[in-house]
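Report on the structure
Chain by chain, the residues run as shown.
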Amino acid sequence: DPTVETVDWLDLPSAIAPWLSARRLRAGTRDERPFVAVTSWIDAGKAAYALGDRADVVCLCDEPHHFAYLHDVRSYAARDAVIIERAEKRPRAPVTLARYFRLVEPIGSTVVRRAGRPAITLLLYRGEALVPGASAGAR
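Fair warning: this is a prediction, and the values are worked out from it, not measured in the lab.

Notes on the side chain of S40
- Within the element layout of this structure, S40 appears in the loop between β1 (35-38) and α2 (41-51).
- Owing to a relative accessible area of 14%, S40 belongs among the buried residues under this scheme.

A look at unusual backbone geometry
- Not every positive phi belongs to a glycine, and H65 is a case in point at roughly 50°.
- Relative to the assigned elements, H65 resides in the loop between β2 (56-59) and α3 (67-70).
- Of the residues examined, H65 reaches a relative accessible area of 35% and is grouped as partly exposed.
- Phi is positive for A129, which is not a glycine, with a value near 55°.

Here we look at the sheet that holds β1
- The five strands are arranged β2-β1-β3-β5-β4 in an open sheet whose pairing can be described as mixed. Each edge of the sheet is formed by a strand with only one pairing partner; in this case those strands are β2 and β4 (101-114). Averaged over all adjacent pairs, the angle separating strand axes in this sheet is 30°, with direction ignored.
- Both strand β3 (residues 81-86) and strand β5 (residues 117-130) contribute to a ladder of six bridges, which runs antiparallel. The partner of I84 across the bridge, within β5, is L124.
- Helix-sheet contacts for α2 involve β1, β2 and β3, and the interaxial angle to β2 is about 180°.

Looking at α2
- Within α2 the residues assigned to the buried category are D43, A44, K46, A47, A50 and L51. Taken down its axis, α2 places every buried residue within 160° of arc, on the same side.
- For α2, the elements touching its buried residues are α1 (12-16), β1, β2, α3 and β3.
- For α2, the capping residue at the N-terminal end is S40, with a side-chain oxygen 3.2 Å from the backbone nitrogen of I42.
- One or two residues past the end of α2 sits G52, with phi positive at roughly 55°.

What about the pairing of β1?
- Burial along β1 is two-sided: F35 and A37 facing one way and V36 and V38 facing the other are all buried.
- The pairing of β1 with β2 spans four bridges and is parallel. Considered in β2, the bridge of V36 is made with V57.
- In the classification by handedness, the crossover that spans β1, the intervening α2 and the parallel β2 is right-handed.
- Here β1 pairs with β3 via three bridges, running parallel. Note on β3: the bridge partner recorded for V36 is V82.

Procedures and definitions
- Residues numbered from 1 in each chain as written.
- Predicted model: local features only at pLDDT ≥ 70, side-chain atom pairs only at ≥ 80, totals over all residues.
- Heavy atoms only, no water.
- Helix = DSSP H or I, 4+ residues; strand = E, 2+ residues; numbered from the N terminus.
- Buried < 20%, exposed > 50% of the residue type's maximum accessible area, 1.4 Å probe, protein only.
- Pairing = 2+ DSSP bridges.
- Axes fitted to C-alpha atoms, helices over the stretch in contact; angles between N-to-C directions.
- Contact = heavy atoms within 4.5 Å.
- Arc of directions from axis to C-beta.
- Polar contact = N/O pair within 3.5 Å; in protein donor to acceptor, adjacent residues only side chain to side chain.
- Right-handed = clockwise from strand over helix to strand, strands pointing away.

Shown next, in the form of structure tokens:
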């Protein structure tokens, strides 16, 4: 169904809120905002729109489009992230993002709904300690 691409991910913030807390993600300082990593610039746009100012969104992929200019991925070195990926891309995130994080582990999933019905399943991961040399999404 191509119309599923028009669905906003407004269910996402409540699903990952517990993981954005300082207790769950290692942050550099108290003043730093949590960050979320996504493996597609289109999905990064959906996540950024849904999350608003709750977290920075970075795109860890070969073609991050405008996300390459929003945040310098290197500034998140050694920090943890919530990673979001669509279920139909499974199991790309753990394999694809292993080069960016010391460890990638599943933490659950959430369902984005359209008119009260399930539309998209999002898999959630915790990326532990972004590798200092990570440069995807930064130019």
